[in-house]
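Observations on chain architecture
Each chain is listed here by its residues.
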Amino acid sequence: MTGYGDSTRTVKAVDSHIIPGQPVAPQAVLASAYHLSADESESLDSYGRYSNPTWRQLESALAELEGATDALVFGSGMAAIGAALRALATPGSTLVVPADGYYQVRRFATEDLVPSGVTVIEATSSQIYDAADKADVVLAETPTNPALDVVDLQRLAAICHGRGGRLMVDNTAATPLGQQPLSLGADLVVASATKGLSGHSDLLAGYVATSRPEVIAAVQRQRLLAGAILGGFEAWLVLRSLGSAGLRFERQCRNAQAVAEMLAGHPAARSVRYPGLADDPSHPVAAAQMRRFGSLVSVEFADAAAVHALVARSELLIASTSFGGLHTAVDRRARWGDAVADGFARISLGIEDTDDLLADIERALSSRS
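Described below are features of the structure shown in this document. Just so it is clear, the structure is predicted and the values come from calculations on it, not from any experiment. (Residues numbered from 1 in each chain as written. Predicted model: local features only at pLDDT ≥ 70, side-chain atom pairs only at ≥ 80, totals over all residues. Heavy atoms only, no water.)

1. Quick word on the overall build of the protein chain
When helices and strands are counted, the protein chain shows 12 helices and 12 strands. In terms of principal-axis extent, the alpha carbons of the protein chain reach across some 75 × 55 × 35 Å. Per-residue burial for the protein chain yields a buried fraction of 53% across its 369 residues. A separation threshold of at least 6 residues defines the contact pool for the protein chain, and within that pool the share at least 24 residues apart is 69%. Total accessible area on the protein chain is roughly 16000 Å²; 51% of this is exposed by carbon and sulfur atoms. Across the protein chain, the centroid of the 30 positively charged side chains sits 1 Å from that of the 41 negatively charged ones. (Helix = DSSP H or I, 4+ residues; strand = E, 2+ residues; numbered from the N terminus. Buried < 20%, exposed > 50% of the residue type's maximum accessible area, 1.4 Å probe, protein only. Contact = heavy atoms within 4.5 Å. Areas by Shrake-Rupley, 256 points an atom, 1.4 Å probe, with all protein chains shown as cover. Lys, Arg positive; Asp, Glu negative; His and termini not counted. Charge placed at Lys NZ, Arg CZ, Asp CG, Glu CD.)

2. Description of the packing of aromatic side chains
Taken as a whole and assessed by the stated rule, the structure comprises 4 aromatic pairs. Summarising the aromatic geometry, the rings of Y47 and Y50 are spaced 5.6 Å apart at their centres and angled 70° between planes, so their arrangement reads as edge-to-face. On the accessibility criterion, Y50 (40% relative accessible area) is partly exposed. On the numbers, 6.5 Å between centres and 80° between planes, the contact of Y274 with F293 is edge-to-face. A residue pair is termed long-range when its members are at least 10 positions apart, and Y274 in the loop between β8 (271-273) and α10 (283-289) and F293 in the loop between α10 and β9 (296-300) qualify at 19 residues. Among the residues examined, Y274 registers a relative accessible area of 1% and is labelled buried. Cation over ring: R155 sits above Y129, and NZ or CZ is 3.8 Å from the ring centre. Here K195 stacks its cationic end above the ring of F323, 5.4 Å away from the centre of that ring. (Phe/Tyr/Trp six-rings, centres within 6.5 Å; stacked < 30°, edge-to-face > 60°. Lys NZ or Arg CZ within 6 Å of the ring centre and 35° of its normal.)

3. Description of the sheet that holds strand β4 (residues 137-141)
The sheet built from 7 strands is open, its strands ordered β1-β7-β6-β5-β4-β2-β3 with mixed pairing. Of all strands in the sheet, those bounded by a partner on one side alone are β1 (70-74) and β3 (119-123). Between one strand axis and the next, the sheet turns by 20° as a mean value, whatever way the strands run. Of the strand pairs in this sheet, strand β2 (residues 94-98) and β4 are connected by 2 bridges, and their pairing is parallel. For L95, the partnering residue across the bridge sits in β4 and is V137. (Pairing = 2+ DSSP bridges. Axes fitted to C-alpha atoms, helices over the stretch in contact; angles between N-to-C directions.)

4. Looking at the sheet that holds strand β10 (residues 318-319)
Strands pair in a sheet through their backbones, by hydrogen bonds, and they do so in one of two ways: parallel or antiparallel. The 5 strands are arranged β8-β9-β12-β11-β10 in an open sheet whose pairing can be described as mixed. Strand pairing shows two members of the sheet lacking a second neighbour, β8 and β10, which therefore form its edges. Here 2 bridges tie β10 to strand β11 (residues 329-332), and the two strands are oriented parallel to one another. Along β11, the bridge assignment pairs I318 with A329. Across the sheet, helix α9 (residues 245-264) lies against β8, β9 and β12 (344-348), angled at about 15° from β9, the strand it touches most.

5. A few points about the pairing of β3
Pairing of β2 with β3, which is carried by 5 bridges, proceeds in the parallel orientation. By the bridge assignment, P98 is partnered in β3 with A123. Assessed by its sense of winding, the connection that carries the chain from β2 through helix α4 (residues 103-113) to β3 is right-handed. (Right-handed = clockwise from strand over helix to strand, strands pointing away.)

6. Focus on the side chain of N171
Here N171 is to be found in the loop between β5 (166-170) and β6 (188-192). According to the relative accessible area criterion, N171 is buried, its value standing at 0%. One polar contact links N171 to Q179, side chain to side chain, over a distance of 3.0 Å. The contacts of N171, once residues within four sequence positions are left out, are E66, P176, Q179, P181, V189, V190 and A191. (Polar contact = N/O pair within 3.5 Å; in protein donor to acceptor, adjacent residues only side chain to side chain.)

7. Considering the packing of α9 against helix α12 (residues 354-366)
Relative orientation and spacing of two packed helices are given, respectively, by the angle between their axes and the distance between those axes. The interhelical angle for the contact between α9 and α12, taken along N-to-C directions, is 35°, at an axis separation of 10 Å. Crossing hand, α9 versus α12: right-handed. Residues R251, R254, N255, A258, V259, M262 and L263 of α9 touch α12, and the partners they reach there are T354, L357, L358, I361, E362 and L365. Split into classes, the residues belonging to the contact of α9 with α12 amount to 8 nonpolar, 2 polar and 3 charged. (Left-handed = near helix turned anticlockwise from the far one by under 90°. Nonpolar A, V, L, I, M, F, W, Y, C, P; charged D, E, K, R; others polar.)

8. Brief notes about unusual backbone geometry
Cis geometry marks the peptide bond from T142 to P143; its omega dihedral reads -10°. In this structure, P146 follows N145 across a cis peptide bond, with omega equal to 20°. Structurally, P146 can be placed in the loop between β4 and α6 (153-162). The phi dihedral of S322 falls on the positive side, at around 65°, and the residue is not glycine. Along the chain, the position of S322 falls in the loop between β10 and β11. Among the residues examined, S322 registers a relative accessible area of 28% and is labelled partly exposed.

9. Some points on the pattern of salt bridges
For the coordinates displayed, the defined rule picks out 16 salt bridges. R346 is the partner of D331 in a salt bridge, and the nearest nitrogen-oxygen pair spans 3.3 Å. Of this pair, D331 sits in strand β11 while R346 sits in strand β12, placing them 15 residues apart in sequence. For the pair formed by D331 and R346, the shared burial category is buried. Through salt bridges with shared partners, one network takes in D6, R9, R291 and R292. (Salt bridge = Lys/Arg side-chain N within 4 Å of Asp/Glu carboxyl O.)

Here it is, written out as structure tokens:
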């Protein structure tokens, strides 16, 4: 799909094979068991935990978008990350995880992998290059959640591969419409499809994508044994949503840029982070490796009360965690234990009209209780 725009890429990615008389839209296969052949020869579909035709269509679409040969879907982003880490970070190995990324990943590494004999190093986005020089497996999140720092993936991949290590990249925030880590040297991508790709705040899903057969085989074995599968109906919902992801992500990124620029000059905002801002510390690296700068803006207000007041006075903003949905959502991250100021908020931009959103936020910030 070289040369196509994002909306064309996502529409083509979910295209069914053209068969006259068959539906244009993807169809959901909901089955736990399938008819077996009398000669007991192997069938691609025999039991619902092994494979599913709707999974496979979704996996093909995700692999296409990530620039991979293979993808595997899971019941959540954490299920995908957990399977990939268990497959690659074997007992006796050293793993680097983001100290400034999604906090549940650090918990998983500490509570699940350390007891099995894996040495875990936590490193921020600025420390990760030095830490990678001591590691067998490196998990990088870029942009980081919630600070939105950007990791130079080509530089990091060179360090990892220079010592025979593996680089895994969490591509949730950027999505494959924002960046393709595999083309920058990563060995595999993990992501939550709960967010921007499904985009309707109504399901949980995750995936792993890679072009390395030995990696996909190891991760697939983890999925089979742990049973962290995606339901057929949920797979169909992701497919149904994926076709419009390019259109949605374009608007979300446009809104994020506009809101970041407005807040950067607003007296109510103490600091603003967005990779698309020309003076953002991450902008040079982001501009070199990202096609779009994403739907997330991080901003620090005076305190927790200021964050809650912003949502209360707004007609368009909602208070919600997660991100990538249709609505613009504000999440005060300190409530979840992130090491940030009480007034730090992650804003996930939705698909509202940009002018309406800017006017609404300005009114909410200017109002007096």
